[in-house]
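Observations on the model geometry
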Amino acid sequence: MAVDALRLGFLGRAVARDLLAAGDRVTVMTQGRGDRTAPPGVELVTGDIRDRARVFEIAQEGGYDGVVHLAALTSGRNSFADPMGYFDVNATGTLNLLMALDAARTSTPPASLVFASTNIVYGSQNHGALSEDLDPHPESPYAASKVAAEHMVAACAATGAIGAVILRPFNIAGAVDGVTDTDRTRIIPNVFRAITGELDHVTLNGDGAAVRDFVHVADIATAVRLALILQRQLVRGSRVVGSGRFGFGVGVVGASGTRPRRARVGGLIALRVR
């Protein structure tokens with residue numbers, strides 16, 4: 001298969017690497033900032049998911065039969081200061097992609113789409129393990145923009161224009177080939193910054209008693225690949241991606257720096273059968 005992606009960020013690079021290892025050919029659509037981490041064998045093209053004409057062009061030229069859509073702005077806190085920017089990338093960008101895939105349809109089967117949403121759509125009022133059956137309760141423009149994108153993906157899939165699986169990953173952590181999460185608003189990057197002496201302490205939100213489900217980035221990448229296979233078996237819907245282990249209290253991780261269990265604008269990844 002051939003894979004087309006919109007920027008190789010932290011997760012996008014891991015997904016591309018996983019697909020390459022499975023024997024796929026990978027092309028990455030990047031804004032030009034992520035090519036330094038591209039795994040060997042990845043082809044790069046330049047574009048932006050907000051540029052509808054460019055997304056249409058890539059979809060038409062590629063003739064892809066599958067897409068993994070990772071493109072997003074992802075900070076709930078920052079989204080309050082820039083709500084329109086978040087809807088522009090996360091919602092309108094998704095609309096651009098869906099329209100491009102619909103326009104690119106030929107006599108081949110509809111494209112298979114895996115859309116990376118987020119667990120943040122559930123809000124903060126639920127307790128314990130979260131399932132796909134829970135209703136979304138977005139509490140930030142970021143979460144609302146992801147819910148809007150989910151609805152568009154589901155509506156498009158209902159017409160038969162695409163087949164789709166929506167993933168709602170939990171807190172992604174870890175590293176692949178030495179490439180780590182560098183977002184300084186997240187706890188695990190800051191723990192390691194403190195370990196290396198870059199920070200003199202780690203700041204926790206709340207009292208440190210909160211428990212989080214951390215999932216290794218390589219496991220999310222595997223889930224994406226398996227979701228593509230799942231979709232090709234005509235299974236549509238939303239899937240939660242977590243480790244299933246709720247033993248990582250923020251206070252414990254902050255104190256020990258324990259590596260989480262394996263289980264930014266991001267990327268678009270498309271597959272074409274050889």
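To start, this report covers the structure provided alongside it. Being a predicted model, the structure only gives us computed values, none of them experimental.

Relative to the elements of secondary structure, S112 occurs in strand 5 (residues 111–116). Judged by its relative accessible area of 4%, S112 falls in the buried class. Between the C-alpha atom of S112 and that of L230, which follows or precedes it by 118 residues, the distance is 9.7 Å. The residues contacting S112, other than those within four sequence positions of it, are D65, G66, V67, G163, L228, Q231 and R232.

Let us look at the environment of D82. Along the chain, the position of D82 falls in the loop between helix 3 (76–81) and helix 4 (83–103). Overall, D82 belongs to the partly exposed group, its relative accessible area being 37%. Taking the C-alpha atoms as reference, D82 lies 9.3 Å from Y142; in sequence the two are 60 residues apart.

Attention now goes to the packing of helix 1 (residues 10–21) against helix 7 (residues 217–232). Running from amino to carboxyl end, helix 1 crosses helix 7 at an angle of 55 degrees, the nearest separation of the two axes being 8 Å. If you check the angle between helix 1 and helix 7, you find them oblique. Here the hand of the crossing between helix 1 and helix 7 comes out right-handed. Across from F10, L11, A14, V15, D18 and L19 in helix 1, the residues of helix 7 making contact are V217, I220, A221, T222, V224, R225 and L228. Of the residues belonging to the contact of helix 1 with helix 7, the class tally is ten nonpolar, one polar and two charged.

When two helices pack together, their arrangement is given by the angle between the helix axes and by the axis-to-axis distance. Taken N-terminus to C-terminus, the directions of helix 4 and helix 5 (residues 141–158) make an angle of 15 degrees; their axes are 8 Å apart at the nearest point. Judged by the inter-axis angle, helix 4 sits roughly parallel to helix 5. Considering how the two elements wind past one another, helix 4 and helix 5 form a crossing that is right-handed. In contact with P83, Y86, F87, N90, A91, T94, L95 and L98 of helix 4, helix 5 contributes P141, Y142, A144, S145, A148, A149, M152, V153 and C156.

This part covers the pairing of strand 4 (residues 66–71). In terms of residue burial, strand 4 counts as a mostly covered element, since six of its six residues are buried. Where burial is concerned, the two faces of strand 4 agree: the one with G66, V68 and L70 and the one with V67, H69 and A71 are both buried. Alignment of strand 4 against strand 5, held across four bridges, turns out to be parallel. Considered in strand 5, the bridge of V67 is made with L113.

A few words on the pattern of salt bridges. For the structure on display, the rule yields eleven salt bridges. Between R105 and D102 there is a salt bridge whose closest N-O contact spans 2.8 Å. Look at D102 and you get partly exposed, because its relative accessible area is 34%. In this structure, the salt-bridge partner of R184 is E198, at a minimum N-O distance of 2.9 Å. One end of the pair, R184, is in the loop between strand 9 (179–180) and helix 6 (187–195); the other, E198, is in the loop between helix 6 and strand 10 (211–212), with 14 residues separating them in the sequence. Judged by its relative accessible area of 52%, R184 falls in the exposed class. Residue class for E198 comes out partly exposed when judged on its relative accessible area of 44%. It is possible to trace a salt-bridge network through shared partners that takes in R13, R17 and D177.

Reading guide: rules and limits
- The numbering scheme is per chain: residues are counted from 1 as the chain's sequence reads.
- Side-chain atom pairs in this predicted model are given and counted only at pLDDT of 80 or more, local residue features only at pLDDT of at least 70, and totals for whole chains, interfaces and linings cover all residues.
- To get the side-chain values, take all heavy atoms of the structure and skip hydrogens and water.
- To qualify as a helix, a DSSP run of H or I must reach at least 4 residues; to qualify as a strand, a run of E must reach at least 2; elements of each kind are numbered from the N terminus.
- Partly exposed describes any residue whose relative accessible area lies between the buried limit of under 20% and the exposed limit of over 50%, with all areas from a 1.4 Å probe on protein chains only and scaled to the type maximum.
- By definition, residues are in contact when any of their heavy atoms lie within 4.5 Å.
- Where helices are involved, their axes are fitted lines through C-alpha atoms of the stretch in contact, as for all axes, and angles between N-to-C directions lie from 0 to 180°.
- Orientation categories follow fixed angle ranges, with anything under 35 degrees roughly parallel, anything over 145 roughly antiparallel, 65 to 115 roughly perpendicular, and all other angles oblique.
- Here a crossing is taken to be left-handed if its near helix is turned anticlockwise relative to the far helix by less than a right angle, and right-handed if that turn runs clockwise.
- Basically, the charged four are Asp, Glu, Lys and Arg, the nonpolar ten are Ala, Val, Leu, Ile, Met, Phe, Trp, Tyr, Cys and Pro, and anything else, Gly included, counts as polar.
- In this description, strands pair whenever DSSP reports at least two bridges between them.
- For this document, the term salt bridge refers to a Lys or Arg side-chain nitrogen within 4 Å of an Asp or Glu carboxyl oxygen.

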